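Inside the fold
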Amino acid sequence: MNRTTLSLIAGATALAAVTGFASLNAPAASGDNTAKAATQQPVERTSLLCPQPSTSEIAETSYTSYTPVTQGAADSGKAELQAAAVESADSASGKKTGKKTVKPALKPAEPGKPATGDGSGAEPPALVGTAEGKFAPGWTVQETTAVAAGTGRGLLGANCTAPDTEFWFPGVSTATGRTDYVHLTNPDDSAAVVDVELYGKDGTLKSTVGEGITVQPHASEPILLSTLASGQQADLTVHVIVRSGRVGAAVQALDDKIGGDWLAASTDPAGSLVMPGIPKDATAVRLVAFAPGDQDADLKVRLASPSGLITPAGNETLHVKAGMTAAADLGDVTRGEAGSLVLTSTGTSAPVVAALQVVRGKGSKQEMAFIPATSPVGGRATVADNSSKGTTLALSAPGGSAQVKVTASAGSEGGTAATKTYTIKGGTTQDVDAPVPAGLKGTYALTVEPVSGGPVYASRTLASAREGVPGFTIQTLPDDRGTVAVPEADQDLSVLLKK
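Computed from a predicted structure; not experimentally measured.

1. Focus: the overall build of the chain
- When helices and strands are counted, the chain shows 2 helices and 38 strands.
- Counting the 499 residues in the chain, one finds 52% classified as buried.

2. Here we look at the packing of aromatic side chains
- The full count for this structure, using the stated rule, is 3 aromatic pairs.
- Taking 6.3 Å as the distance between ring centres and 15 degrees as the angle between the ring planes, the aromatic pair formed by Phe-167 and Phe-169 counts as stacked. We note that Phe-167, like Phe-169, is buried.
- An aromatic cluster is built from Trp-168, Tyr-199 and Phe-290, whose rings are joined through pairwise contacts.
- The ring of Phe-472 is capped by Arg-360, whose NZ or CZ atom sits 5.0 Å from the centre of that ring.

3. Points about the sheet that holds strand 9 (residues 154-159)
- With antiparallel pairing, the 4 strands of this open sheet are ordered in space as 6-3-8-9. Two strands bound the open sheet, and with one partner strand each, they are strand 6 (115-118) and strand 9. Put simply, the sheet's adjacent strands are angled 20 degrees from each other on average, direction ignored.
- Sheet topology note: the strand 8 (residues 140-147)/strand 9 ladder contains 6 bridges and is antiparallel.

4. Things to note about the confidence of the model for the chain
- On average, the chain scores 87 in pLDDT, and the residues at 70 or more come to 86%.
- Ignoring residues within four places in sequence, the model shows residues 1-35, a span with pLDDT below 50, making 52 contacts including any to other chains.
- Low pLDDT, under 50, characterises residues 493-499; the stretch is placed with 13 contacts to residues that sit more than four places away or in other chains.

5. Re the environment of Val-69
- With respect to the helices, strands and loops of the structure, Val-69 is situated in the loop between strand 3 (60-66) and strand 4 (77-83).
- Here Val-69 falls in the exposed class, since its relative accessible area comes to 63%.
- Each C-alpha atom, one on Val-69 and one on Lys-113, is 9.1 Å from the other, the two residues being 44 residues apart in sequence.
- Setting aside its immediate chain neighbours within four residues, Val-69 contacts Pro-111, Gly-112 and Arg-380.

6. What to know about the sheet that holds strand 32 (residues 418-424)
- If you trace the 4 strands from one edge of the open sheet to the other, you get 28-35-30-32, paired in antiparallel fashion. Looking along the sheet, the strands with just one partner apiece sit at the ends: strand 28 (381-386) and strand 32. Here the strands of the sheet are splayed against their neighbours by 25 degrees on average, with no regard to which way each runs.
- With 7 bridges joining them, strand 30 (residues 402-408) and strand 35 (residues 444-453) adopt antiparallel strand pairing. Opposite Thr-407, over in strand 35, you have Thr-447 as the bridge partner.

Cut-offs applied
Residues numbered from 1 in each chain as written. Predicted model: local features only at pLDDT ≥ 70, side-chain atom pairs only at ≥ 80, totals over all residues. Heavy atoms only, no water. Helix = DSSP H or I, 4+ residues; strand = E, 2+ residues; numbered from the N terminus. Buried < 20%, exposed > 50% of the residue type's maximum accessible area, 1.4 Å probe, protein only. Phe/Tyr/Trp six-rings, centres within 6.5 Å; stacked < 30°, edge-to-face > 60°. Lys NZ or Arg CZ within 6 Å of the ring centre and 35° of its normal. Pairing = 2+ DSSP bridges. Axes fitted to C-alpha atoms, helices over the stretch in contact; angles between N-to-C directions. pLDDT = per-residue confidence, 0-100. Contact = heavy atoms within 4.5 Å.

Here it is in structure tokens:
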């Protein structure tokens, strides 16, 4: 093997280990050059972006940072969250007000112990975060906001997300009573250029305002969706496409009557999707789906209940026209039991994206949250900011049965980690009695690791009632991308040099 080939291997290995966003797979070769299997190594650097939590003067926001203990991780490292510059929310006017504010006081502790910080105060900023070394593998940051009154009142929660170049958000609205923003945050040293597209029941909502939006370096811009298209329409899908650079994206949905929450991006378009962890006391569930390709999608709708897969009466299927958004009102589909919605293609495997809007309570005591379609837990998933009361962990195995290990971390202010193992029968969803750290003080993290069996999907619900309003927020638990596939050191990649 020549020096150039060795340099290529070293560079590719370093790139994969540092970014944590991609694996390197050598093209297949014949004879003695057959590629060896890559090994999983802890990532060495991770980026997370937290949207501006609220502009309400009475909002109370907290942040929780946690890194699970990862075998093979570095012995040293650091993590920090810095304030992003906040630009004007009125993208249509072209006005921008670059304003720096102090970052929340949050100093991550050692891996295995959560660290908390306070983001309350006048207009807290979006955050740009970086973790290196031992803090990078599986790093998670939870942003939780309580708003006592006004539009979007209730409990709002978001898992701070990694930057990317494309996002899908089915379930947004510009209808009367809704105020929805898409928050774009740029972590890099150069400006990002972004297109924001809207799709409704009749297809694309024509607009040029959402084209070529510039997000300045280390800055965040909230864009009011109603400024991107004329008219008012519920059940829309937002598509965020980054022309240059990369951003973090999340939608803040605020309703005059049923509160507010963050809508995280749906997983990539696929023919089968899972939305795990519908609360058993949900009073209204609405499904919104979009088909981004050039083929219509016909979907079978099923609920993975504690006893198995069932088909909701009157909502057995959903037809989604190509390039259009479709919606279905599922009512109180869970009927007092835990459940996850499972969509599968009945004909062509046309890919779709989807999300659920979930409502708890009745009348003036309602609150809403969202469950986007998510990917399986994979190797490991983690969620922070849990408490001894008000936390519900939902595990779903829509295919075959699975065994799952759940670990509760030490508490942020004290307590000893605890672990339990569960068996989830195929086709079911279970609200499990998650472990709680012994002697818990403060909050703790939950880490989910499949042990055997089929794929597992998971979500966590935080609940906090105020004045009779059942405030709640739901976060899904996809793989934490704490490791990356790295080729063996002696793997022959000379075939790449011939390209």
